[in-house]
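Spelled out from the first residue to the last, the chains are:
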Amino acid sequence: PTCSHLPIFVSALTRAEKRSKSDATASALIYDENGVRWYKTEDVAHFDENGSIFIDGRLRRIEITKDANGVPTKVFPDRAKQIISMHPVVNQCEVIMVKDKKKITRPVAYLVLRERQSLSKKLAGDIKAFCIKNGLESYAIPDEYIQQKVLPKNKGMKVDIGLLEKMYSDVKSP
């Protein structure tokens, strides 16, 4: 049997504790019945049938959208990112969620393509088909793809999702 979307806890002095003694960090610390301190990360993961753990994404990156029947549904942008990143012409991908009047939010993918590749309607269609083939739910498949030479990074050298969201809203705002 597999388990999905379980929160991750670590027991050690974490980098977050070293950097910050904020209320948010303090509230993420819990103690078990043996007095062992655990830090609840914002990551979620699942185990496969062999007991291997796979990181699925971050709790704060769970969004609500509507499926084809208009039913509000949770969507994990990181799952779309993982599948799109496996496409043979995609070098790097990040998926953001943008406000949408009909769907509440909808996924948009920023792509860095392999050398000598450029985004076209055909390639976007190929990526959508690849997502379907790899089991991504239709409501989680981006309907918009934006090619970038590089994706912006934050101080932690992770893709700066907040900056991508701002870039998108700056371009799409009237």
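Residues numbered from 1 in each chain as written. Predicted model: local features only at pLDDT ≥ 70, side-chain atom pairs only at ≥ 80, totals over all residues. Heavy atoms only, no water.

Asks: Give a detailed account of the sheet that holds strand β8 (residues 104-113), specifying residues and quantitative values.
Replies: Read from one edge of the open sheet, three strands run β7-β8-β9, paired in mixed fashion. Among the strands making up the open sheet, the edge pair consists of β7 (90-100) and β9 (144-147). Taking each pair of neighbouring strands and ignoring which way they run, the sheet shows an average axis angle of 25°. In this structure, β7 lies alongside β8, joined through ten bridges in antiparallel fashion. Residue V95 lies in a different strand from β8, and its bridge partner there is A109. Its contacts with the sheet put helix α3 (residues 77-85) on β7, β8 and β9, and the angle it makes with β7 is roughly 150°. Its contacts with the sheet put helix α5 (residues 161-172) on β7, β8 and β9, and the angle it makes with β7 is roughly 60°. (Pairing = 2+ DSSP bridges. Helix = DSSP H or I, 4+ residues; strand = E, 2+ residues; numbered from the N terminus. Axes fitted to C-alpha atoms, helices over the stretch in contact; angles between N-to-C directions. Contact = heavy atoms within 4.5 Å.)

Asks: Hey, could you go over the pattern of salt bridges for me, with residue numbers and the actual values?
Replies: In total, this model carries eight salt bridges according to the counting rule given. Residue R106 pairs with D100 through a salt bridge whose shortest N-O separation is 3.3 Å. Residue classification places R106 among the buried residues on the basis of a relative accessible area of 13%. Given a relative accessible area of 23%, D100 falls into the partly exposed group. Put simply, D143 and R106 hold a salt bridge, and the shortest N to O gap is 2.9 Å. Linking D143 in the loop between α4 (121-133) and β9 with R106 in strand β8, this pair joins segments that are 37 residues apart in sequence. Given a relative accessible area of 39%, D143 falls into the partly exposed group. (Salt bridge = Lys/Arg side-chain N within 4 Å of Asp/Glu carboxyl O. Buried < 20%, exposed > 50% of the residue type's maximum accessible area, 1.4 Å probe, protein only.)

Asks: Summarise α5; cite the residues concerned and give the values.
Replies: For α5, with twelve residues, the first-to-last C-alpha span of 16 Å sits near the 16 Å given by 1.5 Å per residue. Among the residues of α5, those classed as buried are I161, L164 and Y168. Angular distribution of buried residues about the axis of α5 spans 60°; they occupy a single face of the element. The N-terminus of α5 is capped by D160, whose side-chain oxygen sits 3.3 Å from the backbone nitrogen of G162. (Expected span 1.5 Å × (residues − 1). Arc of directions from axis to C-beta. Polar contact = N/O pair within 3.5 Å; in protein donor to acceptor, adjacent residues only side chain to side chain.)

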